[in-house]
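Each chain is listed here by its residues.
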Amino acid sequence: DREGKRKAYQDAHIPLFLDYAFPVHGVRPHEVCYIDHTIMNIATVGPEGSELGKPTFTLASDGHTTQTRAFYLSYDPPSSAVVLMTLRDYVRRNNRLPKILVVDGGKEFRSKELKIFCRLYEIDLRHRPVGQPRGGSPIERAMGSTETEVLAKLEGNTRIMKNARMVTKSVDPFPKAIWTLTALHGALSEYLFEIRNNRIHPSLGSKPCDYENMRLLETGTRDHML
């Protein structure tokens, strides 16, 4: 009562069962997709070395197979255009769209453009409960692994700036920035689609790509959705 509902949620017990008619993350590939944004902890430069700051990273992840479906990297702030560009990349890579889209309460996810798009292609747009991050655990976990396994090992990463008062000029990451947006996009693409999707996932017991192929045989490919 003293510290509020967010502290109570953080310290509450995690239920070990679901009271839903079906698993919350979906029962087949491309059924439930999570989309979220984050500001990447890395300083980037232009082709001629000019400082361009930190880009915005938008990721789409499959709830059932844990596979990365699409991502979009730009200097634009989160907006409906960024979300639609991510869905465009989803179609480019998978030749189809998800059935259910799970997003947070950001204003870009409540925009008129996104609602019209979802209505046009019969996508069920669902909003996660406010202040309850466990509702988006697949996408939060994917972004966390990208942060620790990729960005933390790149020159010019700005993770040290979380404690900015302790940063001195000798360890300031911004003068050490060497990554361009194009190069960073290539590094993220290799990690998300070549490395992460092709190694054994602990919750699946197999590679996400192999698990998806098995589930497609069991649930059908649903070619009419292409």
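What counts as what
- Residues numbered from 1 in each chain as written.
- Predicted model: local features only at pLDDT ≥ 70, side-chain atom pairs only at ≥ 80, totals over all residues.
- Heavy atoms only, no water.
- Helix = DSSP H or I, 4+ residues; strand = E, 2+ residues; numbered from the N terminus.
- Buried < 20%, exposed > 50% of the residue type's maximum accessible area, 1.4 Å probe, protein only.
- Contact = heavy atoms within 4.5 Å.
- Areas by Shrake-Rupley, 256 points an atom, 1.4 Å probe, with all protein chains shown as cover.
- Lys, Arg positive; Asp, Glu negative; His and termini not counted.
- Charge placed at Lys NZ, Arg CZ, Asp CG, Glu CD.
- Pairing = 2+ DSSP bridges.
- Right-handed = clockwise from strand over helix to strand, strands pointing away.
- Expected span 1.5 Å × (residues − 1).
- Phe/Tyr/Trp six-rings, centres within 6.5 Å; stacked < 30°, edge-to-face > 60°.
- Axes fitted to C-alpha atoms, helices over the stretch in contact; angles between N-to-C directions.
- Disulfide = S-S within 2.5 Å.

Bringing the overall build of the protein into the picture now. The helix and strand inventory of the protein stands at 6 helices and 7 strands. With respect to the three principal axes, the spread of C-alpha positions in the protein is 55 × 50 × 40 Å. Relative to its 226 residues, the protein shows a buried fraction of 41%. Pairs at least 24 residues apart make up 62% of the contacts formed inside the protein by residues separated by at least 6 positions. Entry remark: accessible area of the protein is about 13300 Å², with carbon and sulfur atoms responsible for 54%. Within the protein, one finds 32 positive and 27 negative side-chain charges whose respective centroids are separated by 3 Å.

Examined against the element boundaries, Tyr 90 turns out to sit in helix 2 (residues 80–94). A relative accessible area of 1% means that Tyr 90 is categorised as buried. In this structure the C-alpha to C-alpha distance between Tyr 90 and Arg 69, which are 21 residues apart in sequence, comes to 5.9 Å. Ignoring anything within four residues of it in the chain, the contact list for Tyr 90 reads His 30, Cys 33, Ala 60, Arg 69, Ala 70, Asn 95, Arg 96, Leu 97 and Pro 98.

Quick look at the pairing of strand 6 (residues 100–103) now. By the alternation rule, side chains of strand 6 split into Ile 100 and Val 102 and Leu 101 and Val 103, which are all buried. Relative to strand 6, strand 1 (residues 32–39) runs parallel, the two sharing 3 bridges. Across the sheet, residue Cys 33 finds its bridge partner in strand 6, namely Leu 101. Examined bridge by bridge, strand 6 and strand 7 (residues 124–127) share 4 bridges and lie parallel to one another. Pairing of Leu 101 across the sheet is with Leu 125, part of strand 7. Handedness of the crossover joining strand 6 and strand 7 through helix 3 (residues 112–120) is recorded here as right-handed.

With that out of the way, let us pick up helix 5 (residues 181–195). In a regular helix each residue adds 1.5 Å, so 15 residues correspond to 21 Å; helix 5 covers 20 Å between its end C-alpha atoms and thus fits that length. Structurally, helix 5 contributes buried residues whose contacts are with strand 2 (44–45), strand 4 (56–62), strand 5 (68–74), helix 2 and helix 4 (137–149).

This next bit is on the packing of aromatic side chains. Geometry of an aromatic ring pair is reported as the spacing of the ring centres plus the angle between the planes. Taken as a whole and assessed by the stated rule, the structure comprises 3 aromatic pairs. Aromatic pair Phe 57 and Phe 71: ring centres 5.9 Å apart, planes at 55°, arrangement tilted. In this pair, Phe 57 is assigned in strand 4 and Phe 71 in strand 5, connecting sequence segments 14 residues apart. Like Phe 71, Phe 57 is buried. Between Phe 71 and Phe 193, the aromatic rings sit 6.1 Å apart at their centres with planes inclined by 35°, giving tilted as the arrangement. Of this pair, Phe 71 sits in strand 5 while Phe 193 sits in helix 5, and the two are 122 residues apart along the sequence. Phe 193 carries the same exposure label as Phe 71, and that label is buried. Put simply, the rings of Phe 57, Phe 71 and Phe 193 pair up and form one aromatic cluster.

This part covers the environment of Val 82. Mapped onto the fold, Val 82 is located in helix 2. Look at Val 82 and you get buried, because its relative accessible area is 2%. The spacing of Val 82 and Phe 109 is 27 residues in sequence and 10 Å in space, taken between C-alpha atoms. Once residues within four sequence positions are removed from consideration, Val 82 is found in contact with His 37, Thr 58, Tyr 72, Ser 74, Asp 76 and Pro 77.

If you walk across this open sheet you meet the 5 strands as 5-4-1-6-7, and the pairing is mixed. The open sheet has two free edges, formed respectively by strand 5 and strand 7, since each of these has just one partner strand. Sheet twist, expressed as the average angle between the axes of neighbouring strands with direction ignored, equals 20°. In the packing of helix 4 onto the sheet, contacts are made with strand 1 and strand 4, and the angle to strand 4 comes to roughly 130°.

Once that is clear, we can look at the state of the cysteines. Evaluated as defined, the whole model comprises 0 disulfides. Cys 118 supplies the cysteine sulfur nearest to Cys 33, a cysteine that is in no disulfide, at a spacing of 11 Å. The exposure class of Cys 33 is buried, given its relative accessible area of 1%. Cys 209 takes part in no disulfide bond, and the closest cysteine sulfur, belonging to Cys 33, lies 18 Å away. You can call Cys 209 buried: its relative accessible area is 18%.

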